[in-house]
Amino acid sequence: MTQATATMPSDGASGAWTPRWRLLACALPAAAFFAAFWLLPVVRLLALPADKGWATYFAVLTDARYLQSMANTVLLSAAVTLVTLVLGAAVGIYLARHAFWGRRVLLSLLTLPLSFPGVIIGFFVILLGGRQGVVASLSDALIGERITFAYGLLGLFLAYLYFSLPRAIATYAAAAEAMNLQLEEAARSLGASRLRVARDVWMPELAPTTLACGAILFATSMGAFGTAFTLASKFEVIPITIYNEFTNYANFALAASLSIALGLVTWLVLFAARRFGANPVAR
């Protein structure tokens, strides 16, 4: 009796420690994976520009070519984000508020480009506005001149828009279905016009969705490589500049510096959207 009672604390202690060891055993592979494939590469990326001097960290601000490339990327991404939000909100809200035959099929077709890689989308734009594209063939037949737009700013803008629009449509459709219809009905009963309802009811309710979706669209456009690699022969963006630096010139320090600058810009936008898109009550 006494011996059995004496052994109980040790069994209890062993039972208490067993889940901790199991948790540690499960966490170790995840920690090793995190350190090997994220922490160490990021530390190396941050330290690499120092090999050529601390001024390398500011190359994107001191070199006119890199500054122009960054400005091109930011302006293009901002323009694509704004247009995508407007079109995505209009289509998404309409699909959420109107029931008709084939609505789910239409929504599936509109979001289908989400499954396409950037290279395929770039190829679509080339088939439309490239040297052998539809527009070039039609313009050659009509006016005797082949008009192309795939390899410049317009081609990149259309490709980024095509790539981003399905995300906005799906996001706004889901957000519009969750909107409080009682607020809209109350506003209409008080004589509010459609424009007033959209301004005073829809926009405040959709503001968090707009901020979050806009930040993701901007970050996606900033880092898009496959589409830019296919089309950006006349309009340079920062992902292509980074690719050229470490592939064509083996300038890893400068490529790391530009990567850090690109990461900082996208992180600041995501942080601002998270900060200003938070619930005021929660803050």
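In the block above lies the structure referred to throughout.
Residues numbered from 1 in each chain as written. Predicted model: local features only at pLDDT ≥ 70, side-chain atom pairs only at ≥ 80, totals over all residues. Heavy atoms only, no water.

> Please clarify how the packing of aromatic side chains should be interpreted in this entry.
The description of two aromatic rings rests on the distance between their centres and on the angle between their planes. Scanning the entire structure with this criterion turns up nine aromatic pairs. Geometrically, the ring pair formed by F225 and Y243 is tilted, given 5.3 Å between the ring centres and 50° between the ring planes. Of this pair, F225 sits in the loop between α9 (194-223) and α10 (226-231) while Y243 sits in helix α11 (residues 238-247), placing them 18 residues apart in sequence. We classify F225 as partly exposed; its relative accessible area is 33%. Ring geometry for W267 against F271: centres 5.3 Å apart, planes inclined by 20°, an arrangement best described as stacked. Placement of the pair is W267 and F271 together in helix α12 (residues 252-276), with a separation of four residues, close to one helical turn. F271 sits in the partly exposed class, given a relative accessible area of 45%. (Phe/Tyr/Trp six-rings, centres within 6.5 Å; stacked < 30°, edge-to-face > 60°. Helix = DSSP H or I, 4+ residues; strand = E, 2+ residues; numbered from the N terminus. Buried < 20%, exposed > 50% of the residue type's maximum accessible area, 1.4 Å probe, protein only.)

> I keep staring at the nonpolar core and nothing clicks. Help me out?
Nonpolar side chains tend toward joint burial in soluble globular proteins. Residues L76, A150, L156, Y160, A228, L231 and V237 are the most contacted members of the largest nonpolar core, which totals 20 residues. For this core, the secondary-structure elements that each account for two or more residues are α3 (64-97), α5 (118-129), α7 (153-177) and α10. Of the residues forming this core, the biggest block, six residues, is contributed by α7. Leaving out residues up to four positions away in the same chain, A150 has contacts with V125, I126, G129, G130, G155, L156 and L231. (Core = buried A, V, L, I, M, F, W, Y, C linked by side-chain atoms within 4.5 Å. Contact = heavy atoms within 4.5 Å.)

> Sorry if this is basic, but what is going on with the pattern of salt bridges here?
Pairing is possible between side chains that carry opposite charge, provided their charged atoms lie close to one another. Taken as a whole and judged by the stated rule, the model has four salt bridges. In this structure, R65 engages E236 in a salt bridge whose closest nitrogen and oxygen atoms are separated by 3.3 Å. Linking R65 in helix α3 with E236 in the loop between α10 and α11, this pair joins segments that are 171 residues apart in sequence. A relative accessible area of 36% means that R65 is categorised as partly exposed. Overall, E236 belongs to the partly exposed group, its relative accessible area being 24%. Taken together, the shared-partner salt bridges in this structure form one network comprising R65, E236 and E245. (Salt bridge = Lys/Arg side-chain N within 4 Å of Asp/Glu carboxyl O.)

Fair warning: the whole summary comes from geometry, so function is off the table for now.
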